[in-house]
Every structure is written in structure tokens, then in C-alpha cells.
Amino acid sequence: MEIVGQLQKQYVEFSTSLYREGFLDEQFIQLQKLQDESNPDFVVEVVSIFFEDSEKLINDLATAIQQQVVDFKQVDAHVHQFKGSSSSIGANRVKNMCIALRSFCDEKNLDGCLRCLQQVKHEYFLVKNKLETLFRGISHLKENIDSFFSFLIHHFFRRKK
């Protein structure tokens, strides 16, 4: 059972660091509260959809910004959508970079948009990596708990016979 305790401690420390470092905000906690026994993978499913949508939005943004004549309204529409989806899962640093990118769109500042898009991508891939690590940790913890209880049940019933 010691390994389970160690894994729980690592999970708590890692997830706490995500809030402390600003990767996640209160919205992620709200998302977790929506998960229950009837849908135990709710958060993973929602975040996976966010990942899929984000990849497309980032590609759409890059394409829109690289046009010969940039349509800043179109760029802003993509950024607005990305900001909303980032905000809905609590990806705080991504959301904040989207806010900055929208400011550059308002100013029609192409160089600022290009630099900021790189930062948006960077923050997105950081939070994606962090969340994937968090989900792997949860999965590993569940596997160890299941193994421990299987051992106890097997050991208990074996002694009773």
C-alpha cells in the first residue's frame, strides 16, 4: 500500500503545482466536480475534445495570419473561439495569451500577432503535456489501487476457504 500512498502524494503535489504555476485555474476544479461515478472519464473526455479542437484552431490561426492580406477579424474570431474553449477547461495561461493575441488583432499588429501566436502555441503544448502527465498519473494510481484491492480480496477469500 506504500506505493499507492506515494502515488497519491505525487498526484497531489503535481496537480497543486499546475494551479500554483498558473497552468490551470478554478474552472478546471469546476470541471472535475461535474465528473461522477456514472461518467468517471468525463474530464479526460472533455479535455481530449479540447486538445482536438485546439490543434485545428492553432492551424487555422497560423493559416489566417500567414495570408498575403491578413483578415484580422477572421484571426480574432479564431482567437476568440480558442480563448473560450481554453477558459472552459481552466487552461489559464493559454486563455491569457489569447487575450494578448486579441489585443494585437485589434491593433492590426501583424508582428505582434505572429510573436503572440508562437507564445499561444507554446502555452498550449505546455498545458497539454502537463494534463496528459496528470491523466497518466491518475490512471497509474487507479491501476495500483485496483491491484492492491484485488490482492486483498484474493488473499482474504483464499484464507477463508
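Please refer to the structure placed before this passage.
As the structure is a prediction and not an experimental result, all values here were calculated from the model.

Draft legend 1. Local environment of the overall build of the protein chain. Along the backbone of the protein chain there are six helices and zero strands. For the protein chain, the sequential pattern of α-helices and β-strands runs α-α-α-α-α-α. Looking at the protein chain as a whole, 34% of its 161 residues are labelled buried. Partitioning the contacts of the protein chain with sequence separation of at least 6, the portion at a separation of at least 24 is 65%. Summing over all exposed atoms, the protein chain offers an accessible surface of approximately 10100 Å²; the carbon and sulfur share of this is 53%.

Draft legend 2. Fine view of the nonpolar core. Counting 36 residues, the largest nonpolar core has Phe28, Val47, Val75, Phe82 and Leu131 as its most contacted members. If you list the elements that add at least two residues to this core, you get helix H2 (26-33), helix H3 (42-65), helix H4 (72-89), helix H5 (92-106) and helix H6 (110-160). Of all the elements, H3 adds the most residues to this core, at 10 residues.

Draft legend 3. Fine view of the pattern of salt bridges. This model, assessed by the stated rule, comprises six salt bridges. Glu55 is the partner of Lys128 in a salt bridge, and the nearest nitrogen-oxygen pair spans 3.2 Å. Pair noted here: Lys128 is in helix H6 and Glu55 is in helix H3, with a separation of 73 residues, a long-range link. Residue classification places Glu55 among the partly exposed residues on the basis of a relative accessible area of 28%.

Draft legend 4. Highlighting the packing of aromatic side chains. Enumeration according to the criterion identifies six aromatic pairs in this entry. When the ring of Phe50 is compared with that of Phe51, the centres are 6.0 Å apart and the planes differ by 50°; the resulting orientation is tilted. Across the pair, exposure class does not vary: Phe50 and Phe51 are buried alike. Residues Phe51 and Tyr124 carry aromatic rings whose centres are separated by 6.3 Å and whose planes lie at 80° to one another, so their mutual orientation is edge-to-face. One end of the pair, Phe51, is in helix H3; the other, Tyr124, is in helix H6, with 73 residues separating them in the sequence. Joined through ring pairs, the aromatic side chains of Phe50, Phe51, Phe82, Tyr124 and Phe125 make up one cluster. The ring centre of Phe51 lies 5.6 Å from the NZ or CZ of Lys128, which sits over that ring.

Quick notes on the rules
Residues numbered from 1 in each chain as written. Predicted model: local features only at pLDDT ≥ 70, side-chain atom pairs only at ≥ 80, totals over all residues. Heavy atoms only, no water. Helix = DSSP H or I, 4+ residues; strand = E, 2+ residues; numbered from the N terminus. Buried < 20%, exposed > 50% of the residue type's maximum accessible area, 1.4 Å probe, protein only. Contact = heavy atoms within 4.5 Å. Areas by Shrake-Rupley, 256 points an atom, 1.4 Å probe, with all protein chains shown as cover. Core = buried A, V, L, I, M, F, W, Y, C linked by side-chain atoms within 4.5 Å. Salt bridge = Lys/Arg side-chain N within 4 Å of Asp/Glu carboxyl O. Phe/Tyr/Trp six-rings, centres within 6.5 Å; stacked < 30°, edge-to-face > 60°. Lys NZ or Arg CZ within 6 Å of the ring centre and 35° of its normal.

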